[in-house]
Amino acid sequence: MSDGRHPLPAIGLLLERAGVRALSADAPRSLVAEAARRAVADVRDGRVPTPDDEAEWDARVATALHQLQRPSLRPVFNGTGVVLHTNLARAPLAAAAIQAITRTAAGACNLEYDVDAGRRGSRYVHCVALLRELTGAEDAIVVNNCAAALVLALNTWCRDREAVISRGELVEIGGSFRVPEIMARSGAVLREVGTTNRTHPDDYRAALSALTGALVKVHRSNFAMSGFVAEASLRDLVPIAAAQGVPLLYDFGSGLMMDLSRFGLSGEAVARDAVRDGATLTMMSGDKLLGGPQAGILLGSAGAIAACRDNPLCRALRVDKLTLAALEATLALYRDPERALRDIPALTMLTAPHASVRGRAESLAESLRAIGVRCTVVDTEATVGGGAFPTARIPSAALALDGDAAALDAALRASDVPVIGRIADGRLLIDLRSVPASFDTALHGALGRALSGTAVRS
Ligand SMILES: *Cc1c(COP(=O)(O)O)cnc(C)c1O
């Protein structure tokens, strides 16, 4: 139903209009027709007011077409202040990693081909030399993500056998990753020991039997426990596993490759230390503190890695060439730690001095005010995200936009490159620590376009 003033146009007539016909130059006619149907339906169902004239109908169809053609997966600005935001794809990649993807994507590559020998090779050789060099591990294998790494390790040693794990480590990491459920699906029989707050080495010893497949330790990445707590360290568990002749599997998570304590981020182990502490297998993510692509990395003894590689399940969890290209390029940056800090965006964002983040916010605010956007700069606290350094608060700065926070939030999410902020104390904040500095100009453009001409302008 129309509002009575303007009858709704017939789709056929709308498609005949010159302004609408012109859209077919860049889109199939069927898609233009669908856009026209949507434009009419939006008016009929009362989602938008009736256009005032025919030119506005053309514009509505063009907008509907733009939305239909827009990719489902697209970039956003992460203004949440959570640097490794799992919903926003965690770590942005380093320029070197992006170049490696581009170089590898276009044509054939030696993914499973040994160029020197002139015969079939293995995809699992890539990245291994770098991982050995950087972590001290004897061998390594890369799979799809850390969850897959844990599934592979458990399935290799604990299928129908007991995985001994502390009750304090049966944690949930992100929406769909619960350690007990992953363990059960891997075929492991869960053998819980200790209590939620305290588990001692003797608790593990008491649980050992002929049914034991492995000892499992999971890093409690995303929360901290304090008070009356005790846990058996990795070093406590190494001799216990060895005496029983079973592997010690360590889900380490973060993938931190270098010490960041001089930047106020302390308390997380570095991969090299985790490996040195002696777990049979150490597992970590590629896209958390490592700052690379989504991947799961298993580090361990040659025998343990070979057993994983020989597990038929490995084929189902295998990593693709673009991931390997990006991971190799990211790892290579760690050969020079200063370069890693400079070139790996996750590290750059986490370690930038507060003054530089604040300075970026000030200059953005100034140039936004110059085009009529009312905003101020406020100091905030950013977090690491990605289930790492759960208690760390990093001094940060944000643009605070004046006006109805929910309406502003909706306007920014509707922009071509959506700007995702957070609402605090009734104000919409765009935290700059989670935005790479190289995006400031683009962010300014997006904010200016989204906020110009509305009530938020002064
Ligand atoms: C994040 C995390 C995982 C899951 O890693 P993905 O790469 O997202 O699969 C598993 N274990 C620990 C300890 C983690 O921190």
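Residues numbered from 1 in each chain as written. Predicted model: local features only at pLDDT ≥ 70, side-chain atom pairs only at ≥ 80, totals over all residues. Heavy atoms only, no water.

## Some words on empty space enclosed by the protein
- Counted according to the given criterion, the structure contains 1 cavity of 30 Å³ or more.
- Around the largest cavity, the lining comprises 14 residues; the ones closest to its centre are S166, T199, R220, A230 and E231.
- A breakdown of the residues in the lining of the largest cavity according to their chemical character gives 4 nonpolar, 6 polar and 4 charged. (1 Å grid on protein atoms, 1.4 Å probe; cavity = no way out; pocket = protein on both sides within 12 Å on 5 of 7 lines; lining within 4 Å. Points joined across faces, edges and corners; volume = space filled by probe spheres on them. Nonpolar A, V, L, I, M, F, W, Y, C, P; charged D, E, K, R; others polar.)

## Focus: the site of the ligand
- In the vicinity of the ligand, the residues found are R90, N145, C146, A147, I173, F177, H219, S221, D251, G253, S285 and K288.
- In this structure, D251 approaches the ligand through a side-chain N or O atom, which is 2.6 Å from a nitrogen atom.
- Separating an oxygen atom of the ligand from a side-chain N or O atom of S285 is a distance of 2.7 Å.
- In the complex, 94% of the free accessible area of the ligand, which totals 380 Å², lies under the protein chains.
- For the shell around the ligand, the secondary-structure elements that each account for two or more residues are α7 (146–158) and β9 (248–253).
- The class makeup of the residues in the shell around the ligand is 4 nonpolar, 5 polar and 3 charged. (Near = heavy atom within 4 Å. Polar contact = N/O pair within 3.5 Å; in protein donor to acceptor, adjacent residues only side chain to side chain. Areas by Shrake-Rupley, 256 points an atom, 1.4 Å probe, with all protein chains shown as cover. Helix = DSSP H or I, 4+ residues; strand = E, 2+ residues; numbered from the N terminus.)

## Looking at unusual backbone geometry
- Phi angles above zero are rare outside glycine, and C127 is one such case at about 75°.
- Mapped onto the elements, C127 comes out in the loop between β4 (119–120) and α6 (128–135).
- Unlike most non-glycine residues, D425 shows phi in positive territory, near 50°.
- Topologically, D425 is positioned in the loop between β15 (422–424) and β16 (427–431).

## Notes on the side chain of T199
- By the secondary structure assignment, T199 is in the loop between β7 (189–193) and α9 (201–207).
- Within polar-contact distance, the side chain of T199 engages the backbone oxygen of T195 at 3.4 Å.
- Residues contacting T199, with those up to four places away along its chain left out, are S166, R167, V193, G194, Y204, A230, E231 and A232. (Contact = heavy atoms within 4.5 Å.)

## Points about the pairing of strand β5 (residues 139–143)
- With 5 of 5 residues buried, β5 lies mostly within the body of the structure.
- Every second residue of β5 is oriented toward a common face, with D139, I141 and V143 on one face and A140 and V142 on the other, all of them buried.
- As defined by bridge partners, β5 adjoins strand β11 (residues 296–300) across 5 bridges and the pair is classed as antiparallel. Residue pairing for β11: I141 is matched across the bridge by L298. (Buried < 20%, exposed > 50% of the residue type's maximum accessible area, 1.4 Å probe, protein only. Pairing = 2+ DSSP bridges.)

## So, the pairing of strand β10 (residues 281–285)
- The element β10 is largely enclosed, with a buried count of 5 among its 5 residues.
- Residues L281, M283 and S285 of β10 are buried on one face, and the alternating residues T282 and M284, pointing to the opposite face, are buried as well.
- Sheet topology note: the β9/β10 ladder contains 4 bridges and is parallel. By the bridge assignment, L249 is partnered in β10 with L281.
- Taken together, β9, helix α11 (residues 271–276) and β10 constitute a β-α-β crossover, and its handedness is right-handed. (Right-handed = clockwise from strand over helix to strand, strands pointing away.)

## Things to note about the pattern of salt bridges
- One pass over the structure, following the stated rule, counts 32 salt bridges.
- Between R17 and E54 there is a salt bridge, and its shortest N-O distance comes to 2.7 Å. Of this pair, R17 sits in the loop between α1 (11–16) and α2 (18–21) while E54 sits in helix α4 (residues 54–69), and the two are 37 residues apart along the sequence.
- A salt bridge links R123 to E112; the nearest nitrogen and oxygen atoms lie 2.8 Å apart. Note that R123 is positioned in the loop between β4 and α6 and E112 in the loop between α5 (95–105) and β3 (113–114), a separation of 11 residues in sequence.
- Residues participating in the shared-partner salt-bridge network are D42, R44, D45 and R47. (Salt bridge = Lys/Arg side-chain N within 4 Å of Asp/Glu carboxyl O.)

## Observations regarding the sheet that holds β5
- Spatially, the 7 strands line up as an open sheet ordered β5-β11-β10-β9-β8-β6-β7, and their pairing is mixed. Edge strands, defined here as strands with exactly one partner in the open sheet, are β5 and β7. Within the sheet, the average angular offset between the axes of one strand and its neighbour, ignoring direction, is 25°.
- Here helix α12 (residues 302–310) sits on the sheet in contact with β5, β10 and β11, set at roughly 30° to β5. (Axes fitted to C-alpha atoms, helices over the stretch in contact; angles between N-to-C directions.)

## Description of the domain arrangement of the protein chain
- With domains assigned, the protein chain is organised as domain 1 (11–69), domain 2 (77–86 + 347–450) and domain 3 (93–340).
- Using C-alpha coordinates to define each centre, domain 1 is positioned 35 Å away from domain 2. (Domains from an automatic or database assignment.)

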